[in-house]
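Here is what each chain is made of, one letter per residue.
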Amino acid sequence: MSGQPQPQPQPGPATGPVLIVGFVGVTLAAIGEFQPDDSVIYIEEPDVVRKRHVHEQLDGVAFVRGLIEWEYHLAGKADEFHNAHPDLAPVAVVPAIEYATPFAARLAERYGLPGSGLGAAQILRDKALLRRVSAAAGIANPAGVRVNGPADVREFLRGQDGRPVVLKPANRQAAVGTRVIRGPDEVEQAWADCLVQDEGVFVPDRPMELSMLAEQYVEGPEFSVEMLVRDGRPLFVNVTGKQLFPGPHPVEMAHLVPADIPRELARTLGAQTARVVSAVGFRDGIVHCEWIVADGVPYLVECAGRLAGGGIVDTIQLAYPVQLMRSYYAVLKGEEPPAELPRRAKGGAAVRFLAAGPGRVAAVHGVEDARQVDGVFLVAVTAEPGDRFTGLRHSWDRAGIVMATADSSAEALRRAEAAAAAVRIDIEEEA
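Residues numbered from 1 in each chain as written. Predicted model: local features only at pLDDT ≥ 70, side-chain atom pairs only at ≥ 80, totals over all residues. Heavy atoms only, no water.

Bringing the pattern of salt bridges into the picture now. A complete count under the given rule lists 27 salt bridges for this structure. A salt bridge links Glu71 to Arg206, with the shortest nitrogen-to-oxygen separation between them at 3.6 Å. Here Arg206 lies in the loop between α9 (187-194) and β8 (212-216) and Glu71 lies in the loop between β3 (64-69) and α4 (77-84), a separation of 135 residues in the sequence. Take Arg206: its relative accessible area is 24%, and that puts it in the partly exposed class. The partner of Glu188 in a salt bridge is Arg154, with the nearest N and O atoms 3.1 Å apart. Of this pair, Glu188 sits in helix α9 while Arg154 sits in helix α8 (residues 150-158), and the two are 34 residues apart along the sequence. Several salt bridges share partner residues, and in doing so they unite Asp47, Arg50, Lys51 and Asp205 into one network. (Salt bridge = Lys/Arg side-chain N within 4 Å of Asp/Glu carboxyl O. Helix = DSSP H or I, 4+ residues; strand = E, 2+ residues; numbered from the N terminus. Buried < 20%, exposed > 50% of the residue type's maximum accessible area, 1.4 Å probe, protein only.)

Spatial ordering of the open sheet is given by β13-β12-β9-β10-β11-β14-β18-β16, a layout of eight strands whose pairing is antiparallel. Taken across any chain shown, the strands that pair with only one partner, and hence form the sheet edges, are β13 (297-304) and β16 (376-381). Taken pair by pair, the neighbouring strands of this sheet meet at an average axis angle of 20 degrees, ignoring direction. Relative to strand β18 (residues 400-406), strand β14 (residues 348-354) is paired through seven bridges, and the arrangement is antiparallel. If you follow Val351 over to β18, its bridge partner there is Met403. Of the strands in this sheet, β9 (222-230), β10 (233-244), β11 (252-257), β12 (285-294), β14, β16 and β18 touch helix α11 (residues 312-319), which is tilted by about 155 degrees from β14. (Pairing = 2+ DSSP bridges. Axes fitted to C-alpha atoms, helices over the stretch in contact; angles between N-to-C directions. Contact = heavy atoms within 4.5 Å.)

Pairing is parallel across the open sheet formed by four strands, whose spatial order is β3-β2-β1-β4. The open sheet has two edge strands, β3 and β4 (92-95), and neither has a second partner. For this sheet, the mean inter-axis angle between neighbouring strands, taken without regard to orientation, is 20 degrees. As defined by bridge partners, strand β1 (residues 18-21) adjoins strand β2 (residues 40-44) across four bridges and the pair is classed as parallel. Paired with Val21 across the bridge in β2 is Ile43.

Of note, Lys51 is situated in helix α2 (residues 46-52). The sequence separation of Lys51 and Phe34 amounts to 17 residues, and the corresponding C-alpha distance is 28 Å. With residues up to four places along the chain from it excluded, the contact list for Lys51 reads Gly200, Val201, Val203, Pro204 and Asp205. A polar contact is formed between the side chain of Lys51 and the side chain of Asp205, at a distance of 2.8 Å. (Polar contact = N/O pair within 3.5 Å; in protein donor to acceptor, adjacent residues only side chain to side chain.)

Bringing helix α12 (residues 324-332) into the picture now. A large share of α12 lies buried, amounting to eight of its nine residues. When α12 is considered as a whole, its buried residues turn out to be Leu324, Met325, Ser327, Tyr328, Tyr329, Ala330, Val331 and Leu332. In the stretch just after α12, Gly334 is the one whose phi turns positive, near 80 degrees.

Judged by how many residues are buried, β9 sits mostly within the fold: seven of nine residues are covered. Here β9 runs beside β10; their pairing, made up of nine bridges, is antiparallel. Paired with Arg230 across the bridge in β10 is Arg233. Taking the residues between adjacent antiparallel strands as the criterion, β9 and β10 are bridged by two residues, where Asp231 takes a positive phi near 55 degrees. Both β9 and β12 contribute to a ladder of eight bridges, which runs antiparallel. Directly across from Phe223, in β12, lies its bridge partner Trp291.

The next subject is the confidence of the model for the protein. For the protein, the average pLDDT comes to 92, and 95% of its residues sit at 70 or higher. In this model residues 1-14 is a low-confidence stretch, pLDDT under 50, and it forms two contacts with partners more than four residues away in sequence or in other chains. (pLDDT = per-residue confidence, 0-100.)

Glancing now at the packing of α4 against helix α5 (residues 101-111). The geometry of α4 relative to α5 is characterised by a closest axis approach of 8 Å and an angle of 40 degrees between their N-to-C directions. As far as their axial angle goes, α5 and α4 are oblique. Crossing of α4 over α5 shows right-handed handedness. Residues Lys77, Ala78, Asp79, Phe81, His82 and Asn83 of α4 lie in contact with α5, whose contacting residues are Phe103, Arg106, Leu107, Arg110 and Tyr111. Looking at side-chain class alone, the contact of α4 with α5 contains five nonpolar, two polar and four charged residues. (Parallel < 35°, antiparallel > 145°, perpendicular 65-115°, else oblique. Left-handed = near helix turned anticlockwise from the far one by under 90°. Nonpolar A, V, L, I, M, F, W, Y, C, P; charged D, E, K, R; others polar.)

Below you can see the structure in the form of C-alpha cells.
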C-alpha cells in the first residue's frame, strides 16, 4: 500500500422504509409514481385490515414491502411499536388518515425523523383543545362549550338569541355526528342522531370516546387552506373553495381549486393558517385548515395535520401543477421537494360529489355520458344496485365523485356539475 490517502466510501441513499400509518386505497397509484419498489410498510389497525381486506389490496403492489397490524389508535402504542421494532430504521413516518396523526407524530419523534410533533398532533385532534389554543393566539373561533347531553345543548342554545348552533364531536372526521340545530324542538332528535358515529370498515370495532361540542353557527362562505410546512414555515399554500349540500348536516358538495376569491382574502386565509401552525407548534408536514368567513373575518372551523381528502390533493396537483404528495413525502424524509413549488395556480380544477336519497339503489344511469363532458377526468360512482342509503349524514354517505379541469376553477366546477347532472341514481323507497 502507498502512503497516499485512500478514498473513503460514500454513504449511499437511505434504504430504510417509509412507514405509512393508515391505509388509503385511492392513493396507491399516486404513491407508486415516486416510491421505489419494496420501500413502504403500511401500519393499520387489525380490525380495519380484516374488514377492508387490506392484505388483498396490497398484494402485488410493487412499492409495498409489508403490512404491520398495530392498534395505533390507543395511547402509548407508538412507543410500544418503537420498542418492538428498534432496528426498522425508517426514513419517514407518514400519517395517511386523521386518526393516525398522534401515533405518527410520536413514532417520528422516537425514530428521530421530521414530523408535526406529538404536542401539535394532539391539539389538532381535539377540536375543543384547538379552540382554546388558537383563541389564545388571537385567532377568531366560534363560541362553544363541551356538552354531555340535550340539557347542555338547550342551555347553550338559549344564549344564542335565536341563532342556530352546531352540535358535533370533538374527535371525529368526515363530518360524522355533526348537525345544525335551529331551535329547541330539534335538540332531542339531533342529540340522538349525532350519537350515531359508526364509521363501519374505516375504524376498529372497539368504541371510541364520546366527546361532544355545541358551537355558535357562523354563516358565510367556507374554505380550506392546504399548507406544506417545514420547520414551522410554509413552503406551499393553496386555498380551496367549498360548497355544502343543503340540509342540517354540513356535508361538502363541491371543492374549487384555487378558490375563486380576491387575492387579498386568499392571502389573509393563508396568513391565518400560518398563525394556527405557529400557535400549535406544528413543525413538519401538511395542514388542512377549514375556515368560514363572516363579515370579512375568517373563523377557524378545524385543522388537520395530514393531507386533505375529498379529491383536493388531486385537484391541487392538476391546477398549479405541483407534485404536492411527492413534496410532502420529501419533507417528512428531511429532503428538498423535487421541484420549485409554485405560488399561483395556472388553471383550475373542481370536485363535485354525488348524493342519493334514502332507500335502496335500483339502478345507476349516465356514467358514460358524464365521462364525455369536456374536461372531466374522473367519474366514480360508489352506489351500486342493492346498496342501501339512509340519507346524507356525513361524508361517508356520499354516492360518488366527479372531477374536472379547466382554465379557471369556476369553469372546472361548471364542467363537474354538468357531469354530475348526467348521472342518475334510481332509489326505491323502503318501509
